[in-house]
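# Examination of the molecular architecture
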Amino acid sequence: MSQSYPCGVRIGNGYDVHALREGLPMRLCGVDIPSGKGFVAHSDGDVAIHALCDALLGAAALGDIGLHFPDSDPRYKGIDSTRLLAEVIAMLSGDGDPSGSPRFSICNVDITIALQEPKLRPYIDTMRETLARIMNIEKSQVSVKATTTERLGFVGRGEGCEVWATALIVPKEEYQY
Ligand code: MG
């Protein structure tokens, strides 16, 4: 039986942090970033996609990334996080879900990445294109922003990366995009 949602438009936020270590690969929003450091993680460490998944799941009240893809599960060891995002999109769109729970369209997503270095400006466009393709939406619906923390805190010392994500979704039955 389908749940009712008195307010059609729904918002979600996501937050994630990963530590940086010399010699590991760095991938953000599905894009490989040349860097001397990369993310310590069970998966590929794409901290931006993890925050985005949590924003999308949060908007749909479907739990969080740790619930669906536990880091204790060897199936997710080293996994390409774009696959996790694709699974989250399938959950939201109701693909293969016979329960009749609401199916959602994504209105837009907005991501802020706090990283001291390298500068992410050259990669932002490719990140937006990559995420839009995985989410089956337009690039104009995907915003990716980057900031340093002016060398303050663990981000500023180059010890980690912090990401915030926001997602706005709407039931497909109510609005067609
Ligand atoms: Mg994570």
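Going by the structure above, here's the rest.
Here, residues in each chain are numbered from 1, in the same order as that chain's written sequence. The predicted nature of this model means local features are confined to residues of pLDDT at least 70 and side-chain atom pairs, given and counted, to a pLDDT of 80 or more, with totals for whole chains, interfaces and linings taken over all residues. Hydrogens are left out, water is left out, and the side-chain values use all remaining heavy atoms of the structure.

### Focus: the coordination of the magnesium ion
- Each metal site is built from N, O and S donor atoms within 2.8 Å (3.2 Å for Na, K and Ca), and since water is not included, such sites may look incomplete. Protein coordination of the magnesium ion is provided by D16 (OD), H18 (NE2) and H50 (ND1), with donor distances spanning 2.1 to 2.3 Å.
- Every donor residue of the magnesium ion comes from the same chain, spaced as D-x1-H-x31-H.
- For each residue, the accessible area found with a 1.4 Å probe, counting protein chains only, is set against the maximum for its type, and the residue is called buried under 20%, exposed over 50%, and partly exposed in between. On the basis of relative accessible area, D16 is assigned to the buried category, the value being 19%.

### Some details on the sheet that holds strand 7 (residues 160–171)
- If you trace the five strands from one edge of the open sheet to the other, you get 4-1-7-5-6, paired in mixed fashion. Each edge of the open sheet carries a strand with a single partner, namely strand 4 (37–39) and strand 6 (142–147). Strand-to-strand, the axes of this sheet are offset by a mean angle of 25 degrees, without reference to chain direction.
- What makes two strands pair is DSSP finding at least two bridges between them. Put simply, DSSP marks the helices as runs of H or I at least four residues long and the strands as runs of E at least two long, and each gets a number from the N terminus on. Looking at chain direction, strand 1 (residues 10–22) and strand 7 are connected through ten bridges and run antiparallel. What sits directly across from Y15, in strand 7, is W164.
- Residue contacts follow a heavy-atom distance rule, with two residues in contact if any of their heavy atoms lie within 4.5 Å. To obtain each axis, a line is fitted to C-alpha atoms, and for helices this fit is confined to the stretch in contact; angles are then taken between N-to-C directions over 0 to 180 degrees. Running at roughly 145 degrees to strand 6, helix 4 (residues 124–135) makes contact with strand 5 (104–114) and strand 6 of the sheet.

### Here's the deal with the pairing of strand 7
- Within strand 7, nine of the twelve residues are buried, which leaves it mostly tucked inside the rest of the structure.
- Bridging between strand 5 and strand 7 involves ten bridges; their strand directions are antiparallel. Its bridge partner being in strand 7, T112 is matched across the sheet by W164.

### Some remarks on unusual backbone geometry
- With an omega of 5 degrees, the peptide bond between E117 and P118 qualifies as cis.
- Among the secondary structure elements, P118 is positioned in the loop between strand 5 and helix 4.
- Within the chain, A61 stands out as a residue other than glycine whose phi angle is a positive 55 degrees.
- Position of A61 among the secondary structure elements: in the loop between helix 1 (47–59) and helix 2 (65–68).
- The exposure class assigned to A61 is exposed, which follows from its relative accessible area of 56%.
- In this structure, R151 takes a positive phi of about 65 degrees despite not being glycine.
- Relative to the helices and strands, R151 resides in the loop between strand 6 and helix 5 (153–156).

### Section: the environment of A51
- Relative to the helices and strands, A51 resides in helix 1.
- In this structure the C-alpha to C-alpha distance between A51 and I113, which are 62 residues apart in sequence, comes to 9.8 Å.
- Sequence-distant contacts of A51, that is, excluding residues within four places in its chain, are made with G14, Y15, D16, V163 and A165.

### Some details on the packing of aromatic side chains
- When two rings of Phe, Tyr or Trp (its six-membered ring) have centres within 6.5 Å they constitute a pair, described as stacked for plane angles under 30 degrees, edge-to-face for angles over 60, and tilted for the intermediate range. On inspection of all chains with the given rule, the structure shows two aromatic pairs.
- Judged by centre distance (5.4 Å) and plane angle (80 degrees), the ring pair of F69 and Y76 falls under edge-to-face. In terms of burial, F69 and Y76 fall into one category: buried.

### Re the side chain of D73
- Relative to the helices and strands, D73 is located in the loop between helix 2 and helix 3 (81–93).
- Among the polar contacts made by the side chain of D73, one reaches the main-chain amide nitrogen of R75 at a distance of 2.8 Å. Any pair of N or O atoms that falls within 3.5 Å is considered a polar contact. Within protein, one atom must be able to donate a hydrogen and the other to accept it, and sequence-neighbouring residues count only if both atoms are side-chain atoms.

### Observations regarding the packing of helix 1 against helix 3
- Interhelical geometry of helix 1 versus helix 3 gives an angle of 10 degrees and a closest axis separation of 10 Å. Classified by the angle their axes make, helix 1 and helix 3 are roughly parallel. For the pair helix 1 and helix 3, the contacting residues are I49, H50, L52, C53, L56 and L57 in the first and S81, T82, L84, L85, V88, I89, M91 and L92 in the second.
- Polar here means any residue outside two lists: the nonpolar Ala, Val, Leu, Ile, Met, Phe, Trp, Tyr, Cys and Pro, and the charged Asp, Glu, Lys and Arg; Gly therefore counts as polar. Here the contact of helix 1 with helix 3 is built from residues that sort into eleven nonpolar, three polar and no charged. Note on terminology: angles under 35 degrees are roughly parallel, angles over 145 are roughly antiparallel, angles of 65 to 115 are roughly perpendicular, and the others are oblique.

### Digging into the pattern of salt bridges
- In what follows, salt bridge is the name for a side-chain nitrogen of Lys or Arg lying within 4 Å of a carboxyl oxygen of Asp or Glu. Per the counting criterion, the structure on display carries ten salt bridges.
- D110 is the partner of K145 in a salt bridge, and the nearest nitrogen-oxygen pair spans 2.8 Å. With K145 in strand 6 and D110 in strand 5, the pair connects residues that are 35 residues apart, well separated along the chain.
- Relative accessible area serves as the criterion here: at 34%, K145 is assigned to the partly exposed category.
- The partly exposed category is assigned to D110, whose relative accessible area is 26%.

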